[in-house]
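Letter by letter, the chains look like this.
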Amino acid sequence: MQQIINFIIRNKNFLLFALLFGISLIFTIQSHSYHRSKFINSANFLTGGIYNSVNNVSSYFNLKSQNQLLAEENNRLNARLFNQNMESDSIPTDSSSTLKYKFTPANIIRNSYASSSNFLLLNKGKNDSIQEDFGVISSLGLVGIIDHTSGNYATVISILNTSSQISAQLQKTNHFGTLKWDGKSPEIVQLIDIPKAATFTNGDTIVTSGRSSIFPKGILVGTVENSKLDVAENFYEINVRLFNDMTNLEHVYIIENKDREEIENLLNTADE
């Protein structure tokens, strides 16, 4: 208390000046509309700047939750798109047992693309009902197939893996073949066994064919870059430029075909 009193005594002249200046400023603002409007505008500018800065900081720290909300929304849209044979008003949430295709959002925590046998590691596993041979896509298209799972994680055979084989087709003509990778460019994969009768041009879209129990028909893959015809076999090999940048992936969706086991059991019985 004594220190406060001593401070006031030492600075009494300055404090008296500041007090009188403040009083005169208040009187001036109150008695002149021009000064009052300038003061209000300045105050609004200052507080607006502060609120804007606070909002920017808050928005930055909310990015994770916003990304999660976007992933969940994309999940619902994917469920509607690939289960569109149902009435739109009756389509339930993506967790419903009545959907043929269930989509689960996941994050990539490891991604390789520089070897011939590339894999991805996802943050979803058996505890999230993820199993082997589930498909994996991103918002731009095909990514790969689940290979192994643990409680909380799953590995994915990337389409940039020389052992990967996925059925794909020309979107315009429905001529289909097998999607493989020659181990060279991470931007280009190969669609082989396209019959000579197929008509296509560079730039045409390649999609999944739906002829397996893993992916629904119509998942985007890429566009025709160029092609060559094997005259002896009468089949085209098409270089496909991927829609996905496989070197820069973060969010993906895992696809479960709930009819897969039934389909595979029936096919196995037919083979026997």
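Our structure's up above, just so we're on the same page.
Figured I'd write up the structure that's included with this text. Note that the coordinates shown come from a computational prediction; the quantities given were computed from them, not determined experimentally. (Residues numbered from 1 in each chain as written. Predicted model: local features only at pLDDT ≥ 70, side-chain atom pairs only at ≥ 80, totals over all residues. Heavy atoms only, no water.)

**Notes on the pattern of salt bridges**
Here comes step 1: For the structure on display, the rule yields three salt bridges.
Here comes step 2: The partner of Glu187 in a salt bridge is Arg241, with the nearest N and O atoms 2.9 Å apart. In this pair, Glu187 sits in the loop between β7 (176-180) and β8 (188-195) while Arg241 sits in strand β11 (residues 235-242), placing the two residues 54 residues apart along the sequence.
Here comes step 3: Here Glu225 and Arg241 are joined by a salt bridge, their closest N and O atoms 3.0 Å apart. Taken as a pair, Glu225 in strand β10 (residues 220-230) and Arg241 in strand β11 lie far apart in primary sequence, 16 residues in all. (Salt bridge = Lys/Arg side-chain N within 4 Å of Asp/Glu carboxyl O. Helix = DSSP H or I, 4+ residues; strand = E, 2+ residues; numbered from the N terminus.)

**Here's the deal with the sheet that holds strand β12 (residues 251-257)**
Here comes step 1: Here we have six strands rolled up into a closed barrel, ordered β1-β2-β5-β4-β3-β12, and antiparallel in their pairing. On average, adjacent strands in this sheet sit at an angle of 45 degrees to one another, irrespective of strand direction. (Pairing = 2+ DSSP bridges. Axes fitted to C-alpha atoms, helices over the stretch in contact; angles between N-to-C directions.)

**As for a nonpolar patch on the surface**
Here comes step 1: Among the surface-exposed residues, Leu16, Leu19, Leu20 and Ile23 lie close enough to one another that they form a single nonpolar patch of about 370 Å² accessible area.
Here comes step 2: Relative to the elements of secondary structure, Leu16 occurs in helix α2 (residues 12-31).
Here comes step 3: By relative accessible area, which is 48% here, Leu16 ends up partly exposed. (Patch = residues over 30% accessible without salt bridge, like charges linked within 9 Å, V, L, I, M, F, W, Y side chains within 5 Å. Areas by Shrake-Rupley, 256 points an atom, 1.4 Å probe, with all protein chains shown as cover. Buried < 20%, exposed > 50% of the residue type's maximum accessible area, 1.4 Å probe, protein only.)

**Side note on the side chain of Asp147**
Here comes step 1: The residue Asp147 is located in strand β4 (residues 141-149) in this model.
Here comes step 2: At 3.1 Å, the side chain of Asp147 forms a polar contact with the side chain of His148. (Polar contact = N/O pair within 3.5 Å; in protein donor to acceptor, adjacent residues only side chain to side chain.)

**Brief notes about empty space enclosed by the protein**
Here comes step 1: Applying the stated criterion across every chain yields a total of two cavities of 30 Å³ or more.
Here comes step 2: Counted as a void, the largest cavity has a volume near 40 Å³.
Here comes step 3: Around the largest cavity sit Ile159, Ser164, Ile166, Leu179, Lys180 and Val189, which together line it.
Here comes step 4: Here the lining of the largest cavity is built from residues that sort into four nonpolar, one polar and one charged.
Here comes step 5: Taken together, Leu170, Gln171, Lys172, Thr173, Thr199, Phe200, Asp204 and Thr205 form the lining of the second largest cavity.
Here comes step 6: Counted by class, the lining of the second largest cavity contains two nonpolar, four polar and two charged residues. (1 Å grid on protein atoms, 1.4 Å probe; cavity = no way out; pocket = protein on both sides within 12 Å on 5 of 7 lines; lining within 4 Å. Points joined across faces, edges and corners; volume = space filled by probe spheres on them. Nonpolar A, V, L, I, M, F, W, Y, C, P; charged D, E, K, R; others polar.)

**Describing the sheet that holds strand β6 (residues 166-170)**
Here comes step 1: If you walk around this closed barrel you meet the six strands as β6-β7-β8-β11-β10-β9, and the pairing is antiparallel. Here the strands of the sheet are splayed against their neighbours by 40 degrees on average, with no regard to which way each runs.
Here comes step 2: Sheet topology note: the β8/β11 ladder contains six bridges and is antiparallel. Residue pairing for β11: Val189 is matched across the bridge by Val240.

**Quick look at the pairing of strand β9 (residues 205-208)**
Here comes step 1: Examined bridge by bridge, β6 and β9 share three bridges and lie antiparallel to one another. Paired with Ala168 across the two strands is Thr208, which belongs to β9.
Here comes step 2: Pairing geometry for β9 and β10, over three bridges, is antiparallel. Residue pairing across strands places Ile206 opposite Gly222, the latter belonging to β10.

**Brief notes about unusual backbone geometry**
Here comes step 1: Positive phi values are uncommon outside glycine, yet Asp133 reaches one of about 70 degrees.
Here comes step 2: Taking the relative accessible area as the measure of exposure, Asp133 reaches 35% and is therefore partly exposed.
Here comes step 3: Positive phi, close to 65 degrees, is recorded for Asp193, a residue that is not glycine.
Here comes step 4: Topologically, Asp193 is positioned in strand β8.

**Things to note about the pairing of β6**
Here comes step 1: Within β6, five of the five residues are buried, which leaves the element mostly enclosed by the surrounding structure.
Here comes step 2: With four bridges connecting them, β6 and β7 associate as antiparallel partners. Among the inter-strand pairings, Ile166 is bridged to a residue of β7, identified as Leu179.
Here comes step 3: Between the antiparallel neighbours β6 and β7 lie five residues, among them Asn174 with a positive phi of about 70 degrees.

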